[in-house]
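Summary of the model geometry
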Amino acid sequence: MTAVGIDAIEIRTGRLKLDLPGTFAPEQGEDPEKYTKGLGLHASSFPDSYEDIVTMGANAAHRLMERKGLEPEDIGRIDVATESAFDNSKPVSTYIAGCLEQVYDGDFHHANKGERKFACVAATQAVDDAYNWIRAGRNRGRAALVIATDTALYARDDPGEATQGAGAVAMLIDEDPSVVEISTEQGYGSADETDFLKPQQQFPSVDGKRSMQVYLARMREALEDFEHLSGDTHPDDYAYIPFHTPFPGMVRKAGLLGYRHMIRDTGVEDELAEEIGRQPRREAFDDEEAYQEAIREYVDALAETERYQEWYGNTVEPTLSISREVGNWYTGSVHIARASALRDADEKDIDLTGQELLVGSYGSGAQAEIHAETVQEGWREEIEAMNVDEQLDRRYDISFEEYEEIHDAHNHDVDSDVEELTTPENEFVFDGWGRMGERK
Ligand code: HMG
C-alpha cells in the first residue's frame, strides 16, 4: 500500500507578541511564575490589525506552495479547520483560495473545498479526510492542502485570557510523503460535553478546570481504543509524543497520564515497583474515593522518578518549544507540537527516519484522537525549510495598552480603528469583509 501522510508543513504566526510574565502578569496582579512554571508559557502570538484567520492561513499556504513549487492544478482539495470562522455559509477555504488565486496564473476551480469543525481536533480530522480521499483513489494524482487557522482569543478577564494565541499551520497531504506516513489505526474517545463552547458568540464560554479533566478523560479513552487496534503501547516505542497543547502545563498532565497507562503490566512498572510500589488496581478497593487517593499518590511518586523524568524530557518536553512562545493556536496546536518535535531532532542531529511518533489530538466538546506516524526520509529537509525562528523573532512586542487595543480590534462587538503596529511584507492582508487584498 502506498504511504500517505504529511509531505510539507508551514506555520504562520500572528505578527504581534504579548510577553506573558513580563507584560501581562504584572497588569493582572499575578506572579509571573504562574505563566513560566505553572502554565509553561512565555508569550502569546496575536494578529496585527491587518491579519485574521484568512490572511494567516493564506500566508502559510502560499509559502508552502512556493517552497514545494506547486501550482493550483496540483491541489485537488483545500480544507480549512477553524473554530474562529466568521461566515456560517461560505467556508474559509474559499476565501483562502481567493487570496492564492491572486498570485497564481491558474485557479482552484476543480478543487473540492470545505471547512471542518470540531474545536481543536478539526485539523486532524481534515488530515484524515484528505488521507481517506487519497486512499480511496479519488485524488487524480493531486495533493490536499489542509489549513488550521485560529485566533484563540478569550473575553477580557476570563481565566482563558492567560492561554490565548493566534496562528495558522498549512500541511500538504500526499502520497509518498516527505515528513510522516500516517497510520491506518486510530483510537477515539468522544462524548457530548459542555465545558468549552461558542454558540453564536465570538469568545468561548469555558469552565477551565473542568475542561482539563475532560481533556484527560477523552485522551485516556482514545489511547485505550488505539490499543484495542494496534496492541499495547510502550512508552519507549515512540521517539516523540506530540499532544494537543492549549498550554504546556496541560501536556505535563497528559504525558504523565499516558506514561502511567502505557507502563501498566510492563517491565517498566515492575522495575519501578521497588521504588514507588505498583499501580493501585481498582478491584483492590471497595471505596472509589480511597482508590482515587491511592492513584493520586502513585502518580505524584511516578512524576518524581528519574526514569519518568528522563522519558518526559526526551519524548514530550521537546514538543512544547514553539507552543511556549505562541500560546494556544486551537486547531494548529497539535501540529506545531509535531513541528517542535522534528525541530528538536534536527537540532540534536537525531536520525529519526523510520521512527514512530504517537500523536494525541483533542477538541473540546469533546473528542480525543490518537494515531501513530512513521517519520519519512525527507523530514530533515522539510523541517529545515520552515522559518519558525525568523517568524518568532520578528514579532512586535506589544505593551499592555497596545494589547488592550488589539484585543478590541479583533472583537466583533467593539468598534475599533487601530493603527497597524507592524508593516506588511509582501503578504496577504485583511482588507475589509468579503475580499482580501495582497499588499507588498
Ligand atoms: P487559572 O485560574 O488562570 O490558573 O486557570 P491556575 O490558578 O489554575 O494556575 C495554573 C497553573 O499554574 C496551576 O498548575 C497552578 O498551580 C500554577 P496546576 O496546579 O494545574 O499544575 N501556578 C503557579 N505555579 C508556580 N508559581 C506560581 C503559580 N501560580 C499558579 N506563582 C486555566 C488556568 C488553564 C484553567 C485557564 O487559563 C483557562 O480556562 N484556559 C482555557 C481553557 C483551557 O485551555 N483548557 C485546557 C483543556 S481543554 C483544551 O485543551 C481545548 C481548547 O484548546 C479548546 C478547543 O479544543 O477548541 C481550550
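Residues numbered from 1 in each chain as written. Predicted model: local features only at pLDDT ≥ 70, side-chain atom pairs only at ≥ 80, totals over all residues.

We now examine the site of the ligand. Looking at the ligand, there are 30 residues lining it, with Gly 38, Ala 119, Cys 120, Gly 208 and Pro 246 nearest. Listed by contribution, the elements that provide at least two residues to the shell around the ligand are helix 2 (32–39), helix 6 (208–230), helix 7 (248–263) and strand 11 (356–363). (Near = placed C-beta within 6 Å. Helix = DSSP H or I, 4+ residues; strand = E, 2+ residues; numbered from the N terminus.)

The sheet built from three strands is open, its strands ordered 3-2-13 with mixed pairing. The open sheet has two free edges, formed respectively by strand 3 (43–46) and strand 13 (396–397), since each of these has just one partner strand. Sheet topology note: the strand 2 (residues 16–19)/strand 3 ladder contains four bridges and is antiparallel. Looking across to strand 3, one finds that Leu 18 is bridged to Ser 44. Here helix 1 (residues 20–28) sits on the sheet and contacts strand 2 and strand 3; the angle it forms with strand 2, its principal contact strand, is near 65 degrees. (Pairing = 2+ DSSP bridges. Contact = placed C-beta atoms within 7 Å. Axes fitted to C-alpha atoms, helices over the stretch in contact; angles between N-to-C directions.)

The peptide bond linking Gly 365 to Ala 366 adopts the cis configuration, its omega dihedral lying at 5 degrees. Note on placement: Ala 366 falls in the loop between strand 11 and strand 12 (367–375). Despite not being glycine, Asp 265 shows a phi value in the positive range, around 60 degrees. One can find Asp 265 in the loop between helix 7 and helix 8 (267–276).

The next subject is the packing of helix 6 against helix 7. Interhelical geometry of helix 6 versus helix 7 gives an angle of 30 degrees and a closest axis separation of 10 Å. Handedness of the crossing formed by helix 6 with helix 7: right-handed. Taking contact as the criterion, the partners of Met 212, Tyr 215, Leu 216, Met 219, Arg 220 and Leu 223 in helix 6 are, on helix 7, Met 250, Lys 253, Ala 254, Leu 257, Gly 258 and His 261. Partitioned by chemical class, the residues of the contact of helix 6 with helix 7 number eight nonpolar, two polar and two charged. (Left-handed = near helix turned anticlockwise from the far one by under 90°. Nonpolar A, V, L, I, M, F, W, Y, C, P; charged D, E, K, R; others polar.)

On to the UniProt feature "domain: Hydroxymethylglutaryl-coenzyme A synthase N-terminal" (unreviewed entry) in the chain. Within this structure's numbering, the places UniProt gives as "domain: Hydroxymethylglutaryl-coenzyme A synthase N-terminal" (unreviewed entry) are residues 5–175. End C-alpha to end C-alpha, residues 5–175 measures 7 Å, and it is 33% helix and 29% strand. (UniProt positions renumbered as here; feature names shortened; annotations may be inferred.)

Among the nonpolar cores identified, the biggest contains 120 residues, and Ala 61, Ile 96, Val 146, Ile 147, Ile 173 and Leu 357 are the most heavily contacted of them. The element best represented in this core is helix 3 (residues 53–68), accounting for eight residues. Filtering out sequence-adjacent residues up to four positions away, Ile 173 remains in contact with Ile 6, Asp 7, Val 127, Ala 130, Tyr 131, Ile 134, Ala 143, Ala 144 and Val 146. (Core = buried A, V, L, I, M, F, W, Y, C linked by C-beta atoms within 7 Å. Buried ≥ 20, exposed ≤ 12 C-beta atoms within 10 Å, placed from the backbone.)

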